[in-house]
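Listed below are the residues making up each chain.
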Amino acid sequence: MTGGVDAEMTVGRPMPTQDEVLGYFDTLSNWGRWGDDDERGTLNHITDDVRLAAARAVRHGRSVSCAWEVAVPAELERSTTACPCAADMPGAENMPEHFHADRRWGFSSERLGISFHGNTITHLDAPCHIFWDGAMYNGRSHSFVDAATGSAWAAVTAAADGIVTRGVLLDVAAARDVSWLEPGQAVFPDDLEEAERRQGVQVRPGDAVLLRTGYGRFRHENGAASGFRQAGWHASCLPWLHERGVALIGADTPQDAQPSGYDDVLMPVHAVGLVAMGLWILDNCDLEACVTTAAELDQWDFQLAVAPVRFAGTSGSPVNPIVTF
């Protein structure tokens, strides 16, 4: 290990060495687990029974969004057309005669451009988003990704039916009694278990785990932080997530604590998670409404619904995760 992760946080905790983290690519691998042609990875943990359990977690009927609004023009290129009378639009002369008779209706439409990967927009990462040694989930080569057509393997369309499962919010910021974790501070397995104990909830196979570091509160109060330091999961959480059979992880940051503390593994949660485990990832959630509602209702599990846009061959999708209590 190298410097970067808050040294005080590692005292008394068994920290995996860099060689052990690199070994996770083998010891935590799900390659072949659900067949050589599997592209869904950990979403296979979401069975019909898990979805039924998620439905039973709806006890109050209250829904909240876990997404940030996409800013215009900072994050979204928008070209808007407003046509007060459709009969006057360009090309209307080629429309049928009855089209010209109705002069009361008009419309607005948009052409949008967005780059959703990064540190601000709430989005879903599909397994093909990350390569390790030129390979992606289930051993397919990076050559399956073509500049013109996108990825022919483990793209976001592998989740075309949506992700509906039981979600669990683990509020590590509250468990540590802080408003938010500072940049560079990592979350460890004992933090997850302390949050479970404190909240009276336990992560089960097929669950989605949403990690609150408190960064959402910071961002609401101070604006998005700059730089490449952030709170998030430590690499040591990966075996915990594997053993619990977690289907999806989300966080109010881009997941990995940065710096990771390992010279040769910049983003171990992304790399091991997506490539070895096929673990789907929700980056940049806004969990503040979720945590406020969970605390009010004293309910820390819920139904989570994530419906990615069916962008062919794409490594992810901007999403609006909806939690229903």
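Scroll up to find the structure.
Residues numbered from 1 in each chain as written. Predicted model: local features only at pLDDT ≥ 70, side-chain atom pairs only at ≥ 80, totals over all residues. Heavy atoms only, no water.

(A) Expanded view of the overall build of the chain. The secondary structure content of the chain amounts to 10 helices and 15 strands. Compactness check: the chain gives a C-alpha radius of gyration of 22 Å against a globular reference of 20 Å for 325 residues, within 12% of the reference. Structurally, the chain occupies a C-alpha span of about 80 × 50 × 40 Å along its principal axes. Looking at the chain as a whole, 51% of its 325 residues qualify as buried. A sequence separation of at least 24 residues applies to 79% of the contacts in the chain between residues at least 6 apart. (Helix = DSSP H or I, 4+ residues; strand = E, 2+ residues; numbered from the N terminus. Rg over C-alpha atoms; globule rule 2.2 N^0.38 Å. Buried < 20%, exposed > 50% of the residue type's maximum accessible area, 1.4 Å probe, protein only. Contact = heavy atoms within 4.5 Å.)

(B) Layout of the pattern of salt bridges. For the coordinates displayed, the defined rule picks out 13 salt bridges. The salt bridge involving Arg59 is made with Asp301; its shortest N-O contact spans 2.8 Å. Linking Arg59 in the loop between helix H3 (48-56) and strand S1 (63-65) with Asp301 in strand S13 (residues 301-306), this pair joins segments that are 242 residues apart in sequence. With a relative accessible area of 11%, Asp301 lands in the buried category. (Salt bridge = Lys/Arg side-chain N within 4 Å of Asp/Glu carboxyl O.)

(C) Up close: the side chain of Gln185. Here Gln185 lies in the loop between helix H5 (172-175) and strand S8 (186-187). Among the polar contacts listed, one links the side chain of Gln185 to the backbone nitrogen of Glu182, at a separation of 2.8 Å. (Polar contact = N/O pair within 3.5 Å; in protein donor to acceptor, adjacent residues only side chain to side chain.)

(D) Layout of the packing of helix H6 (residues 189-199) against helix H8 (residues 237-244). Interaxial distance between H6 and H8 falls to 8 Å at its minimum, and their mutual angle equals 50°. Taken together, the axes of H6 and H8 are oblique relative to one another. Touching Pro189, Leu192, Glu193 and Glu196 of H6 are Cys237, Trp240 and Arg244, all from H8. Class assignment for the residues of the contact of H6 with H8 results in four nonpolar, no polar and three charged. (Axes fitted to C-alpha atoms, helices over the stretch in contact; angles between N-to-C directions. Parallel < 35°, antiparallel > 145°, perpendicular 65-115°, else oblique. Nonpolar A, V, L, I, M, F, W, Y, C, P; charged D, E, K, R; others polar.)

(E) Broad picture of unusual backbone geometry. With an omega of 5°, the peptide bond between Val72 and Pro73 qualifies as cis. Relative to the helices and strands, Pro73 resides in the loop between S1 and strand S2 (76-83). In this chain, Gln258 is followed by Pro259 through a cis amide linkage whose omega measures -5°. Structurally, Pro259 can be placed in the loop between strand S11 (248-251) and helix H9 (268-277). Positive phi values are uncommon outside glycine, yet Gln255 reaches one of about 80°. Topologically, Gln255 is positioned in the loop between S11 and H9.

(F) Representation of the sheet that holds S13 within the structure. Pairing is mixed in the open sheet, where nine strands are placed in the order S1-S15-S13-S7-S9-S11-S12-S4-S14. Where the open sheet ends on each side, the last strands, each with one partner, are S1 and strand S14 (316-318). Averaged over all adjacent pairs, the angle separating strand axes in this sheet is 25°, with direction ignored. (Pairing = 2+ DSSP bridges.)

(G) Here's a closer look at H6. Residues of H6 that are buried: Asp191, Leu192, Ala195, Glu196 and Gln199. For H6, the arc enclosing every buried residue in end-on projection is 140°, short of the 170-degree limit, so these residues lie on one face. Each element contacted by the buried residues of H6 is listed here: strand S7 (163-171), H5, S8, strand S9 (208-212), strand S10 (232-233) and H8. Looking at the residues trailing H6, positive phi occurs at Gly200, about 70°. (Arc of directions from axis to C-beta.)

(H) Spatial organisation of the packing of aromatic side chains. Scanning the model with the defined rule gives seven aromatic pairs in all. With a centroid separation of 6.3 Å and an interplanar angle of 40°, the aromatic rings of Trp105 and Phe107 are classed as tilted. Overall, the relative accessible area of 36% leaves Trp105 in the partly exposed class. Here Trp180 and Phe218 contribute two aromatic rings whose centre-to-centre distance is 5.2 Å and whose plane-to-plane angle is 85°, an arrangement assigned as edge-to-face. (Phe/Tyr/Trp six-rings, centres within 6.5 Å; stacked < 30°, edge-to-face > 60°.)

(I) View of the nonpolar core. Ranked by internal contacts, the top residues of the largest apolar core, which has 69 residues, are Leu169, Leu170, Leu192, Trp233, Leu248, Trp280 and Val323. Top element by residues in this core is H9. It accounts for seven residues. Discounting residues that sit within four places of it in the chain, Trp233 has contacts with Val187, Leu192, Val209, Leu211, Leu241, Ile249, Gly250, Ala251, Gln255, Asp256, Ala257 and Val269. In terms of nonpolar packing, the next biggest core, distinct from the first, is built from five residues, Cys128, Trp153, Ala154 and Ala155 among them. (Core = buried A, V, L, I, M, F, W, Y, C linked by side-chain atoms within 4.5 Å.)

(J) Highlighting the environment of Val72. Structurally, Val72 is set in the loop between S1 and S2. Under the relative-accessibility criterion, Val72 is labelled partly exposed at 45%. When the C-alpha atoms of Val72 and Arg166 are compared, they prove to be 33 Å apart, with 94 residues separating the residues in sequence.

(K) Broad picture of helix H10 (residues 288-297). Within H10, the full set of buried residues consists of Glu288, Cys290, Val291, Thr293, Ala294 and Leu297. Note on H10: the residue one or two positions beyond its end, Asp298, has a positive phi of about 50°.

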